[in-house]
Amino acid sequence: MGASPAPASPPTPTLPHRGREFDSQTNLCRRMDIQQRRPQRGGEQPFDQRFLLFAMIALVAVMMLNRNPPPVDPNGGEADGKPLAAAEAEAQPIDAAAIEAATADLEETPAAAPERVAIGSVDPDSDYRMLLTIDNVGGAVERVELSSETYRDLEDRSGYLGRLALTDAPGGGALVNVVGPGTPAEAAGLQAGDVITAAPLKRTPEDELGDLVESAESFKEVLAATKPRRELALTIARGGESQSLTAKLRRQPLDLIRPELENVLRHTPEPPEGYESVPSFVVRLVSVNGRRDEDPAIATANTQLANEAWTVDAREAGSVALRMRLTDLGLEVVKRYTLATIPSEQRDHEEHPSYHFDLSVEVVNLLDQPQAVAYELTGPNGLPIEGYWYSNKIGRGDGSFFGDWGSFGLRDVIVRFADDRLTQFAAKSVADGDVDTMGGGQPLAFAGVDSQYFASIILPQKETLKEVRTAQVRAELATPKIEKPADPRWQNASCVLQRTPATLAAAGEAGATVSDGYRVFAGPKLPELLSNYTAADDANHTLHDILYYGWFAFAAKPMLWLLHTFYAIVGNYGLAIVLLTLCVRGAMFPISRQTALNMVKMQELKPELDRIVEKYGDDMQKRAAAQQELFRKHKYNPAAGCLPLFLQLPIFMGLYRALAVDVELRAQPLISDSIRFCSNLASPDMLIDWSAYTPLWVDNGQGLLGLGPYFNILPIASCALMLMQQKLFMPEATNDQARLQQSMMKYMMIFMGFIFFKMPSGLCIYFIVSTLWGIAERKMLPRPTPAPMSETTIDAGPKRPKPTADEIAQAKKKAAKKKGKKRK
């Protein structure tokens, strides 16, 4: 199993969970690795069209900003349609004094030694999709690593040896507390209890063995400097003897659940004082025989459950059982973790339903008298916050038009009850306490935590979906709230499931044990995979509901289908996006060509329009009438140029939503995954890491000037091409108004460059190809020739007849008369 006892440390009863050591290579690597278009020369776009385009781009930017819709369930705090206290009173069989007398004869169990147990495997060729690291202190899950080579860590590009839960050895060195199956550490022969004393890095052939490991932190620094596919020589102390091992490092797997402090250290150099991670799936008593958790005996029991070591029983490769005896209450709590296995012929099929483990919670009555018990189970926490500086995750809103257009947290709570819609709670709303308890006698289908591309969801295993076993569900933070200036989207939101009170029969009788099963999904948000996970075998309640594309689903889904189709042909999603762009622009060619022709005609009419402006000056009514007459004569429709803009908006938003939701587009490179540049089409291109020269408020990506820790070239190329398009086709300014408009266009494009600096590289590729198409399309049209001047085009009214000789003579007499009066 790769687990052995580690040195014990005294529990801290004042805290919900004791602090623990863990690998923090990710933080060490963070610093290291961490519209408007105006058609031009040959067709000036009218100002109203330019303004409309700017308004549409600004609207898109607003849609990407953070919104916080906090839908609240009004039926909180009830069980089976009754107040929870009333339900407990009905279930209470005996008084507390009798229980205290009965527990006096129970034997105390020996204290267990703290240790970590690893079940499953991180080897892609194994029978498991994941590797679970379980800490027997609390009997809870500390880490979940996915074994699939498709899902790797996007930010930590150092070599992977294994999550060893390192601590400082008493005599110096790094003590290994767990070695997971399938890791390079296990393949090299490393074992729990070994002390790593040296780890030389062969930077050049002349390097001598050295690089002593003085502590756990110093060894983490060594690992942070390594690269995948390199060999790492280790000197270890085992049983008082020194040995040498060689490990071949791999790419970092994705930690779908990890200690939250590792996430905090990605965006905050120093965590808040006293900040501690807590594991997932902790059991806590709510009431025993009517006594609530404020009772000293129950408070002590909860401290035992969270902070003391559980006895580890029945270890196997894919399962483990843990037991905690609560002598003072006459109860025993047993937790069993069982990993799903995958048939060898299904290993390459990611949609096979094997991304889960089963958790059973048993409460056993040890007394010869019945007892009434209610407990609660905490949900998953510590899901990854990859892309914390650029990611924008969408979510279901509060019913308003803009409700689903804003950015939710990177980890939001989702809950669905039977025959009800799925409800999503933004992390900020959870942190601010804007979410009430949910339930009120409704049967729970599932609840959990949803991140951008992955999720961890609890599905209660019941005979029927209508069975009410959960009294209420709460959405709350699993770890202390991170205060400003941290982004509220980074809060560690989780959920808590409270069970309805259960009556336990006397020990030895039928019904002395209550056993509840929970299936915990922990995997990618693949549509076919999610559809295979149902609540109590009810096909109408599947995890597919957690996929959400928002208002532009009608455009995102067809575009995803096209992208996957092109990818099946060319084998590269970057080329697939290019083909998609050509397909879209080709389909729009008749409309865009007609629009370009209209703009050419507009350029031809520009001298006439300038004369109309000069003639009528500030008389807007006559000017507009003259312009309309000119447009009617030449069959020109100014509004026709807006149609391509309206058609491209859903396409733009559809591709944006596809990149933000579809996990198959995550980590897809444009060139190669071996280089950082454009290694993930769903993220910025990350050409150069400038984090060593920029302040933290820039690296964290908050606000307009929060550009992130990388310099991105593709957004700049996109804006430069648009500016070039304007320069190529925009005529020279002939008056102050035209010069002002052109200057405003340039400044607006620079502003948009800041907004789109963190745009996904796949979307930038779409913009670049689309702009190049537009330039080529415009170059193919004939150059405009100004229309010949005619009196009709200058005057909006009917043509005047020529004056007669008498009228000319009278006009001259009047002029002479006026001139004589002026002389006098």
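Model, not experiment: these values are computed from the prediction.

K.L.:
How should I be thinking about the overall build of the protein chain in this particular structure?
P.N.:
Counting secondary structure elements, the protein chain contains 21 helices and 31 strands. The buried share of the protein chain, reckoned over its 824 residues, is 56%. Carbon together with sulfur atoms contributes 56% to the accessible area of the protein chain, which is approximately 34,900 Å² in total.

K.L.:
Any chance you could explain the packing of helix H12 (residues 573–587) against helix H19 (residues 761–779) here in plain terms?
P.N.:
When two helices pack together, their arrangement is captured by the angle between the axes and the distance separating the axes. In contact at an axis separation of 9 Å, H12 and H19 are set at 40° when each is read in the N-to-C sense. Considered as vectors, H12 and H19 are oriented oblique to each other. Here H12 and H19 pass one another in a crossing that is right-handed. Contacts between H12 and H19 involve Gly574, Ile577, Val578, Thr581, Leu582, Val584, Arg585 and Gly586 on the former and, on the latter, Gly762, Ile765, Tyr766, Val769, Ser770, Trp773, Gly774 and Glu777. A class-by-class count of the residues in the contact of H12 with H19 yields eight nonpolar, six polar and two charged.

K.L.:
What exactly am I supposed to notice about the sheet that holds strand S4 (residues 130–135) here?
P.N.:
Strand pairs in the sheet, formed through backbone hydrogen bonds, run parallel or antiparallel to each other. Reading across the sheet, the four strands line up as S3-S4-S5-S11 and stay open at both edges, with antiparallel pairing between neighbours. Both edges of this open sheet fall to strand S3 (116–120) and strand S11 (255–257), since each of them pairs with a single strand only. If you compare each strand with its neighbour and ignore which way they point, the axes differ by 25° on average. Pairing of S3 with S4 involves five bridges; the strand directions are antiparallel. Among the inter-strand pairings, Val117 is bridged to a residue of S4, identified as Ile134.

K.L.:
It is not clear to me how the packing of helix H11 (residues 553–570) against H12 should be interpreted in this structure. Could you clarify?
P.N.:
Direction vectors running N to C along H11 and H12 enclose 125°, while the axes themselves pass 8 Å from each other. By the criterion of interaxial angle, the relationship of H11 to H12 is oblique. Handedness of the crossing formed by H11 with H12: right-handed. Side by side, H11 and H12 meet where Met559, Leu562, Leu563, His564, Phe566, Tyr567 and Val570 of the first sit next to Tyr573, Leu575, Ala576, Ile577, Leu579, Leu580 and Cys583 of the second. The class makeup of the residues in the contact of H11 with H12 is 13 nonpolar, one polar and no charged.

K.L.:
In this structure, what is going on with the pairing of strand S16 (residues 331–339)? I would like to understand it.
P.N.:
Sheet faces and side chains relate simply in a regular strand, where the side chains alternate between the two faces. Counting buried positions along S16 yields seven of nine residues, so the element is predominantly enclosed. Pairing of strand S15 (residues 319–326) with S16 involves eight bridges; the strand directions are antiparallel. Each bridged residue has a counterpart across the sheet, and for Val320 the counterpart in S16 is Tyr337. Between S15 and S16, which pair antiparallel in sequence order, lie four residues; one of them, Gly330, sits at a positive phi of approximately 70°. Of the strand pairs in this sheet, S16 and strand S17 (residues 356–365) are connected by nine bridges, and their pairing is antiparallel.

K.L.:
Please explain the environment of Asp434 as it appears in this structure.
P.N.:
Tracing the chain through its elements places Asp434 in the loop between helix H9 (427–431) and strand S21 (438–439). Along the backbone, Asp434 and Glu476 are 42 residues apart, and their C-alpha atoms lie at a distance of 9.8 Å.

K.L.:
What is the right way to read the confidence of the model for the protein chain from this model?
P.N.:
Do not read the predicted coordinates in detail wherever pLDDT is low. The share of residues in the protein chain with pLDDT of 70 or more is 77%, and the mean pLDDT across the chain is 81. Across residues 1–55, confidence stays below pLDDT 50; counting only partners more than four residues off in sequence or on other chains, it has 217 contacts. Note on residues 205–209: pLDDT is under 50 here. Beyond four places in sequence and across chains, it has three contacts.

K.L.:
Please explain the sheet that holds S16 as it appears in this structure.
P.N.:
Taken together, the nine strands give an open sheet; going across it, the order is S14-S15-S16-S17-S27-S23-S22-S19-S20, and neighbouring strands pair in antiparallel fashion. The two strands at the open ends of the sheet, each matched to only one other strand, are strand S14 (311–313) and strand S20 (423–425). On average, each strand axis in the sheet is tilted by 20° relative to the strand beside it, whichever way the strands run. As defined by bridge partners, S14 adjoins S15 across three bridges and the pair is classed as antiparallel. What sits directly across from Thr311, in S15, is Arg323.

K.L.:
What's the story with the pattern of salt bridges in this structure? I'm lost.
P.N.:
Per the stated rule, a full pass over the model turns up 37 salt bridges. We note a salt bridge from Asp412 to Lys393, for which the minimum N-O separation is 2.4 Å. With a gap of 19 residues between them, Asp412 in strand S19 (residues 412–417) and Lys393 in the loop between strand S18 (371–378) and S19 connect regions that are remote in the sequence. The same class applies to Asp412 and to Lys393, which are both buried.

K.L.:
Would you mind showing me how to read the nonpolar core here?
P.N.:
Nonpolar side chains tend toward joint burial in soluble globular proteins. With 129 residues, the main nonpolar core has Phe281, Leu285, Tyr337 and Phe521 as its most contacted residues. At nine residues, helix H15 (residues 643–661) tops the list of elements feeding residues into this core. Those residues in contact with Phe521 that sit more than four places away from it in its chain are Tyr355, His356, Ala455, Ser456, Ile457, Leu459, Leu529, Leu530, Tyr533 and Leu543. Core analysis: the next-biggest nonpolar cluster, separate from the first, contains 22 residues, Leu190, Ile196, Val222 and Leu245 among them.

K.L.:
Looking at this structure, how should I read helix H7 (residues 260–267)?
P.N.:
Residues spaced three or four apart along an α-helix point in a common direction, a consequence of the helix completing one turn every 3.6 residues. When you tally the buried positions in H7, you get eight out of eight residues, the bulk of the element. Taken together, the buried positions of H7 are occupied by Glu260, Leu261, Glu262, Asn263, Val264, Leu265, Arg266 and His267.

K.L.:
Help me understand the packing of aromatic side chains, please; the structure alone is not making it clear to me.
P.N.:
For any two aromatic rings, the description comes down to two numbers: the centre-to-centre distance and the angle of the planes. Taken as a whole and judged by the stated rule, the model has 16 aromatic pairs. Ring geometry for Tyr337 versus Phe357: centroids 6.2 Å apart, planes at 50°, classification tilted. With Tyr337 in strand S16 and Phe357 in strand S17, the pair connects residues that are 20 residues apart, well separated along the chain. Phe357 carries the same exposure label as Tyr337, and that label is buried. Aromatic pair Trp690 and Phe757: ring centres 6.1 Å apart, planes at 15°, arrangement stacked. A residue pair is termed long-range when its members are at least 10 positions apart, and Trp690 in the loop between strand S30 (688–689) and helix H16 (696–699) and Phe757 in the loop between helix H18 (736–755) and H19 qualify at 67 residues. Judged on exposure class, the residue Trp690 and its partner Phe757 are both buried. Every member of this aromatic cluster is reached through a ring pair, and the members are Phe652, Phe756, Tyr766 and Phe767. Above the face of the Trp310 ring, Lys335 is positioned so that its terminal group lies 5.5 Å from the ring centre. Over the aromatic face of Tyr518 sits the side chain of Arg469, whose NZ or CZ is 4.9 Å from the ring centroid.

K.L.:
Can you help me understand the environment of Lys227 in this one?
P.N.:
Inspection of the secondary structure puts Lys227 in the loop between helix H6 (216–224) and strand S9 (231–238). The class for Lys227 is partly exposed, based on a relative accessible area of 40%. With 24 residues separating them in the primary sequence, Lys227 and Arg251 have C-alpha atoms 8.1 Å apart. When near neighbours in sequence (up to four residues on either side) are disregarded, Lys227 contacts Arg157, Gly159 and Leu249.

K.L.:
Just checking my understanding: could you explain unusual backbone geometry for this structure?
P.N.:
Generally, phi is negative for residues other than glycine and the peptide bonds are trans, each holding for most cases. Although it is not a glycine, Arg229 adopts a positive phi angle of roughly 65°. Residue position: Arg229 is located in the loop between H6 and S9.

K.L.:
Any chance you could explain the environment of Glu608 here in plain terms?
P.N.:
Here Glu608 lies in helix H13 (residues 589–616). We classify Glu608 as buried; its relative accessible area is 0%.

K.L.:
So what exactly am I meant to see when it comes to H11 here?
P.N.:
For H11, spanning 18 residues, the distance from its first C-alpha to its last is 25 Å, which sits close to the expected 26 Å at 1.5 Å a residue. By the burial criterion, the buried members of H11 are Ala555, Ala556, Met559, Leu560, Leu563 and Phe566. On an axial view of H11, the arc spanned by its buried residues comes to 135°, and they lie on one face. Every exposed residue of H11 that faces more than 90 degrees away from the buried side is listed here: Phe554, Trp561, Ala568 and Ile569. After H11 finishes, the residue Gly571 shows a positive phi value of roughly 75°.

Reading the values: the criteria
- Residues numbered from 1 in each chain as written.
- Predicted model: local features only at pLDDT ≥ 70, side-chain atom pairs only at ≥ 80, totals over all residues.
- Heavy atoms only, no water.
- Helix = DSSP H or I, 4+ residues; strand = E, 2+ residues; numbered from the N terminus.
- Buried < 20%, exposed > 50% of the residue type's maximum accessible area, 1.4 Å probe, protein only.
- Areas by Shrake-Rupley, 256 points an atom, 1.4 Å probe, with all protein chains shown as cover.
- Axes fitted to C-alpha atoms, helices over the stretch in contact; angles between N-to-C directions.
- Parallel < 35°, antiparallel > 145°, perpendicular 65-115°, else oblique.
- Left-handed = near helix turned anticlockwise from the far one by under 90°.
- Contact = heavy atoms within 4.5 Å.
- Nonpolar A, V, L, I, M, F, W, Y, C, P; charged D, E, K, R; others polar.
- Pairing = 2+ DSSP bridges.
- pLDDT = per-residue confidence, 0-100.
- Salt bridge = Lys/Arg side-chain N within 4 Å of Asp/Glu carboxyl O.
- Core = buried A, V, L, I, M, F, W, Y, C linked by side-chain atoms within 4.5 Å.
- Phe/Tyr/Trp six-rings, centres within 6.5 Å; stacked < 30°, edge-to-face > 60°.
- Lys NZ or Arg CZ within 6 Å of the ring centre and 35° of its normal.
- Expected span 1.5 Å × (residues − 1).
- Arc of directions from axis to C-beta.

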